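Structural features, examined
Listed below are the residues making up each chain.
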Amino acid sequence: MENRYRKAQFLQSASHFNQLPPGGAEVAFVGRSNAGKSSVLNALTQQKDLAKTSKTPGRTQLINAFSFLPQEWLIDLPGYGYAKVPVSVKQKWQAMLHQYLEERDALKGLVVIMDIRHPLMELDEMMIAWAIQSNLQVHLLLNKADKVSKSEANQTLFKVQKKYEHFQQVSAQLFSALNGLGLKTLIVQMEKMFEKTPVR
Ligand code: GDP
């Protein structure tokens, strides 16, 4: 299967989504810090350091846009859940993320990256709820599946799927940025997101 995301190149960093280019179509990636968002983006694009893996929690949080076609983008949203970030800063990011999900016309879908050992934490659920409210496709990646046994991984996937079974726009899968498990499924899901125009 063709992986067109391999062509992704850094386009720009922005402190607010209103600085991103107008028009076009994009899929955004979000997750708790350390869940593996940068590693997932690197695995998806098959580039070693497209997204920088975060070594400095709490550093200035920017939205990073990567393009793989002139009007199609991958959006790396600021991670959440850094313990050391002041409450006021956290609230500001959350408000901005909420607004982005509600208002960004180019946005077709959201990929929420979670560590399979700590799925559906409070902020993950909040992001998912906002995305559902905004009629976006939401794809949940249970990353680091290599860290647990197969049966444990499948049990967690089942629980997560069960929780959102009444929401048609929510899907979930196992993933490992380390060994590439689930890459094809992710690509297929993203193609669907780019094809669909959400009714918003
Ligand atoms: P981010 O903060 O969400 O961008 O997370 P990073 O991509 O920086 O990853 C956080 C840590 O988890 C790093 O040490 C990665 O090497 C590790 N990591 C990310 N994905 C996986 C995975 O699928 N399996 C394993 N075993 N480690 C992973």
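Above: the structure in question.
Residues numbered from 1 in each chain as written. Predicted model: local features only at pLDDT ≥ 70, side-chain atom pairs only at ≥ 80, totals over all residues. Heavy atoms only, no water.

Right, let's get into the sheet that holds strand β2 (residues 25-31). Taken together, the seven strands give an open sheet; going across it, the order is β1-β3-β4-β2-β5-β6-β7, and neighbouring strands pair in mixed fashion. If you trace the sheet from one side to the other, it starts and ends with β1 (9-14) and β7 (170-174), each paired once. In this sheet, adjacent strand axes meet at a mean angle of 20° when their direction is disregarded. Against the sheet, helix α3 (residues 122-133) touches β2, β5 (107-115), β6 (137-143) and β7, its axis set at about 165° to β5. In the packing of helix α4 (residues 150-163) onto the sheet, contacts are made with β6 and β7, and the angle to β7 comes to roughly 175°. (Pairing = 2+ DSSP bridges. Helix = DSSP H or I, 4+ residues; strand = E, 2+ residues; numbered from the N terminus. Axes fitted to C-alpha atoms, helices over the stretch in contact; angles between N-to-C directions. Contact = heavy atoms within 4.5 Å.)

Attention shifts here to the environment of Leu107. Along the chain, Leu107 falls in strand β5. On the accessibility criterion, Leu107 (0% relative accessible area) is buried. In this structure the C-alpha to C-alpha distance between Leu107 and Gln173, which are 66 residues apart in sequence, comes to 21 Å. (Buried < 20%, exposed > 50% of the residue type's maximum accessible area, 1.4 Å probe, protein only.)

Our next topic: the nonpolar core. Within the largest apolar cluster, 41 residues are counted, with the highest numbers of intra-cluster contacts made by Ile75, Leu77, Tyr100, Leu101, Leu110, Val112 and Leu140. Top element by residues in this core is α3. It accounts for six residues. If you look at the next biggest cluster of nonpolar residues, it comprises 25 residues, including Ala35, Phe66, Leu74 and Leu186. (Core = buried A, V, L, I, M, F, W, Y, C linked by side-chain atoms within 4.5 Å.)

All chains considered together, the criterion is met by nine salt bridges. As a salt-bridge pair, Glu2 and Lys7 come within 3.8 Å of each other at their nearest N and O atoms. Across the pair, exposure class does not vary: Glu2 and Lys7 are exposed alike. Two residues, Lys37 and Asp76, come together in a salt bridge whose shortest N-O distance is 2.5 Å. Of the two residues, Lys37 is situated in helix α1 (residues 37-45) and Asp76 in strand β4 (residues 72-76); the sequence distance between them amounts to 39 residues. Classification of Lys37 by relative accessible area gives buried; the value is 11%. Salt bridges sharing common partners tie together Arg4, Glu72 and Glu191. (Salt bridge = Lys/Arg side-chain N within 4 Å of Asp/Glu carboxyl O.)

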